[in-house]
Number of protein chains: 2
Amino acid sequence: MLPGVGVFGTGSTARVLVPLLKAEGFEVHAVWGRSEEEACCLAKELGIPFHTSRSDDVLLHQDVDLVCIYIPPSMTRQIAVKALGIGKNVLCEKAATAVDSFKMVTAARYYPQLLSVMGNTLRFLPAFGAMRQLLVEGYVGEMQVCDVRVYGPSLLDQSYGWTCEELMGGGGLHTVGSSVIDLLSYLTSARAHRVHGLLRTFVQQNGLIRGIRRVTSDDFCFFQMLMGGTGSRSGGVCCTVTLNFNMPGSFVHEVMVVGSTGRLIARGTELYGQRNGSKGEELLLGDSGWVGPEVKEMPLPHLQGLSSMVKALRQSFQAHEERRSWARGPVAMAPTFEDGLYVQTVVEAVKRSSCSGEWECVEIMSEEPDPNHNLCEALQRNKN
Amino acid sequence: MLPGVGVFGTGSTARVLVPLLKAEGFEVHAVWGRSEEEACCLAKELGIPFHTSRSDDVLLHQDVDLVCIYIPPSMTRQIAVKALGIGKNVLCEKAATAVDSFKMVTAARYYPQLLSVMGNTLRFLPAFGAMRQLLVEGYVGEMQVCDVRVYGPSLLDQSYGWTCEELMGGGGLHTVGSSVIDLLSYLTSARAHRVHGLLRTFVQQNGLIRGIRRVTSDDFCFFQMLMGGTGSRSGGVCCTVTLNFNMPGSFVHEVMVVGSTGRLIARGTELYGQRNGSKGEELLLGDSGWVGPEVKEMPLPHLQGLSSMVKALRQSFQAHEERRSWARGPVAMAPTFEDGLYVQTVVEAVKRSSCSGEWECVEIMSEEPDPNHNLCEALQRNKN
């Protein structure tokens, strides 16, 4: 039996998610918005019976068994941890910091019978599922290099907000880079152990963000990850990622894996391959023809991934009679909160590297840092 | 009046160059090969009256006024410096080290009336000429990012030789990266002041190179250059270059410059552009339809660039009555030996960075280093 759903957020993703949930048979009982007005507006638009601006009203809603959290990064941790604490299943967007991610992991570990899944949806895109399968089967031989590029228009909101602020989780690396980092660990079955990166904010002000306000989040980011294995000479796969969000009017989403006997390339939602010795690329998985809504802010790979994830959730819950029970099988590929912590750790290591100019190690937090130490660091950081 | 030409080298470039020279009206009087046999073979094939394996016989040949040096990097300096020393004009492939490049610069400075041009031919490709012109005219606004990728099959020769040896000037960075570094300084009118890079040799042995022999030259290279300007935060254009020569069956040569108001992309020999606000790319310069020979080892952009350079040389010499005199105008855009030293310095800084993992400064040599100090470094390097 499908669980009742409560949605946090009134942004573009929430707006897409609700119809997708309904199409799969989920009932969306409640929506939370930052203001009564925003919540009311979305509830009316999408036919949701209950709306509020108080988070507890959704979390404690008796018909809500699955909480979907699509709100700015700085607020996700608080809601996710609370939701798990009162026994609700959680689907959640990324947090703003590794410390927040760690708190989410702790909560998820404490309630292993609850579903806790990160909102990175690229893993669910059929092209990447097929890509991973072919990599496992040895299509490219021994993996050598992954090369990812995402180009598009500005990620900034129309008005000044968290998307402009690096410390609030804004910027290309945090917003889009996260999903790429997650995807690459999924595709290669390995994790980054050292990273190097360079972040830039080329557009610091625009027609809407001016005066004393400045954008601090990156609109260009470029990083390398050395995966798994040992030293930098002998080590495993080498990933390079280029993100450029100063390219209005275009959208490029390309993931290439080069190996000893061939290569696989996902362009947008399509998968191509070429084995060494063959003359040209072969189309391995064509575009399935997206029939859902078009969303300006959400590129097709993410949109289709989200759609596939909702389908997987439906299968997972359908398998059980009880509303809150779910089967692991259909969502086994989903990114866990542990994956979320890994991704956040890489993001922060890349940022450190951009400041230090050096390769930085990826060290996953194993205990919560002393909050006072943290405060010192934040103060020091603000000084620069 | 066109000068008589002597050619050093019997490889694929020399084999292409001779017909191109002849087509423009140059007479090729002499060819040098490492062995009598190789020289004789090429002379017969291309109808060159004189061949030899002794370099002085070409350099001192009375009908030779222009010496074209297309031989392995470790040998170029010696011939180029000697040729200038006896008053011949020189067109020369890159050297193996910055010290050699510096010696070439010293020779060229000593004989400023002689033509001394590096063999990097990408500058001469019409697409890049047009690209530079549009950049100067402000098509992209303020330049932000240059993104270059070159993908292709292995650069190794059939048999073991200098292409396998990093210290002999082999590898993607030295062979292809050099021309990209030169091109980017031409396009941006700036030079790299800091670089970061990563080199890899994924294929260390193959069917032909085995046993105790190993390839030490890179088949994958990835580097970033911060151009001109000041610090890394405020600094100028940011260049990223990806070279991958583990991709048999494909050839990608893409140079993209992204700026504040638009972007320009050269794919192969074609130039595309898109201004912010427009819906799609426009073709700015199409493929002119190459009618010359196809050369497996030489990608079309280099081949067409070489052809354009030979045309420019013809115009330069044609302007004067005297066989050895030439006009600066037609070859003003050509890379000088000073450019060659800059490129070699960047190449070495990228290699250093790949070892150290740190950003390395690009410091152009201003006096010849103590040879003993050099020896020590070489010994130390071998130890690792």
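Residues numbered from 1 in each chain as written. Chains lettered and ligands numbered in written order. Predicted model: local features only at pLDDT ≥ 70, side-chain atom pairs only at ≥ 80, totals over all residues. Heavy atoms only, no water.

A. Structural context of the pairing of strand β8 (residues 192–200) of chain A. Residues and elements named next belong to chain A. Along β8, seven of the nine residues are buried, which leaves the element largely enclosed by surrounding structure. Pairing geometry for β8 and strand β9 (residues 220–227), over eight bridges, is antiparallel. Looking at β9, one finds that Arg 200 is bridged to Phe 220. (Buried < 20%, exposed > 50% of the residue type's maximum accessible area, 1.4 Å probe, protein only. Helix = DSSP H or I, 4+ residues; strand = E, 2+ residues; numbered from the N terminus. Pairing = 2+ DSSP bridges.)

B. The pattern of salt bridges, seen in detail. Counted by the stated rule, this structure contains 34 salt bridges over all chains. In this structure, the salt-bridge partner of Glu 254 of chain A is Arg 267 of chain A, at a minimum N-O distance of 3.8 Å. In this pair, Glu 254 of chain A is assigned in strand β11 (residues 252–259) and Arg 267 of chain A in strand β12 (residues 262–267), connecting sequence segments 13 residues apart. When its relative accessible area of 13% is taken as the criterion, Glu 254 of chain A is described as buried. In this structure, Asp 56 of chain B engages Lys 82 of chain B in a salt bridge whose closest nitrogen and oxygen atoms are separated by 2.9 Å. One end of the pair, Asp 56 of chain B, is in helix α3 (residues 55–59); the other, Lys 82 of chain B, is in helix α4 (residues 73–85), with 26 residues separating them in the sequence. For Asp 56 of chain B, a relative accessible area of 30% gives the class partly exposed. Within this structure, Glu 254, Arg 267 and Glu 281 of chain A together with Arg 149, Glu 254, Arg 267 and Glu 281 of chain B form a network of salt bridges that share partners. (Salt bridge = Lys/Arg side-chain N within 4 Å of Asp/Glu carboxyl O.)

C. Here's a closer look at the sheet that holds strand β7 (residues 143–151) of chain A. Residue and element names in this part refer to chain A. One open sheet holds the nine strands; their spatial order is β14-β13-β12-β11-β7-β10-β9-β8-β15, and the pairing between them is mixed. The open sheet has two edge strands with one neighbour each: β14 (282–285) and β15 (360–361). Direction of pairing for strand β13 (residues 270–275) relative to β14: antiparallel, over a ladder of three bridges. Each residue of the ladder has a partner; that of Gly 273, found in β14, is Glu 282.

D. Broad picture of the relation of the copies chain A and chain B. The two copies are related by a screw operation: chain A maps onto chain B through 180° of rotation and 0.0 Å of translation along the axis, at an RMSD of 0.0 Å. Put plainly, the chains are arranged around a two-fold axis. Judged by C-alpha distance, Glu 358 of chain A is the residue of chain A that lies nearest the rotation axis, at 2.6 Å. When the interface residues of chain A are mapped onto chain B, 98% of them again lie at the interface, so the same face is used by both copies. (Least-squares fit on C-alpha atoms with pLDDT ≥ 70 in both. Contact = heavy atoms within 4.5 Å.)

E. The arrangement of the packing of helix α6 (residues 126–137) of chain A against helix α7 (residues 172–188) of chain A in detail. Residue and element names in this part refer to chain A. One can describe the packing of α6 onto α7 by two numbers: an axis separation of 8 Å at closest approach and a directional angle of 35°. Together, Phe 128, Gly 129, Met 131, Arg 132 and Leu 135 of α6 and Leu 183, Tyr 186 and Leu 187 of α7 make up the contact between the two elements. Here the residues of the contact of α6 with α7 sort into six nonpolar, one polar and one charged. (Axes fitted to C-alpha atoms, helices over the stretch in contact; angles between N-to-C directions. Nonpolar A, V, L, I, M, F, W, Y, C, P; charged D, E, K, R; others polar.)

F. The arrangement of the domain arrangement of chain A in detail. Residues and elements named next belong to chain A. Domain annotation for chain A reports domain 1 (4–121 + 300–337) and domain 2 (123–285). With 20 residues of domain 1 in contact, the opposing surface of domain 2 contributes 17 residues. Surface buried jointly by domain 1 and domain 2 totals about 1,700 Å² across both partners, of which 69% is contributed by carbon and sulfur atoms. The interface formed by domain 1 and domain 2 contains five residue pairs in polar contact (both at pLDDT 80 or more). Where the side of domain 1 that touches domain 2 is concerned, the elements lending two or more residues are α4 (73–85) and α8 (300–318). At eight residues, α8 tops the list of elements feeding residues into the side of domain 1 that touches domain 2. Among the residues making up the side of domain 1 that touches domain 2, the classes are represented as twelve nonpolar, seven polar and one charged. (Domains from an automatic or database assignment. Buried area = accessible area lost by both parts, 1.4 Å probe. Polar contact = N/O pair within 3.5 Å; in protein donor to acceptor, adjacent residues only side chain to side chain.)

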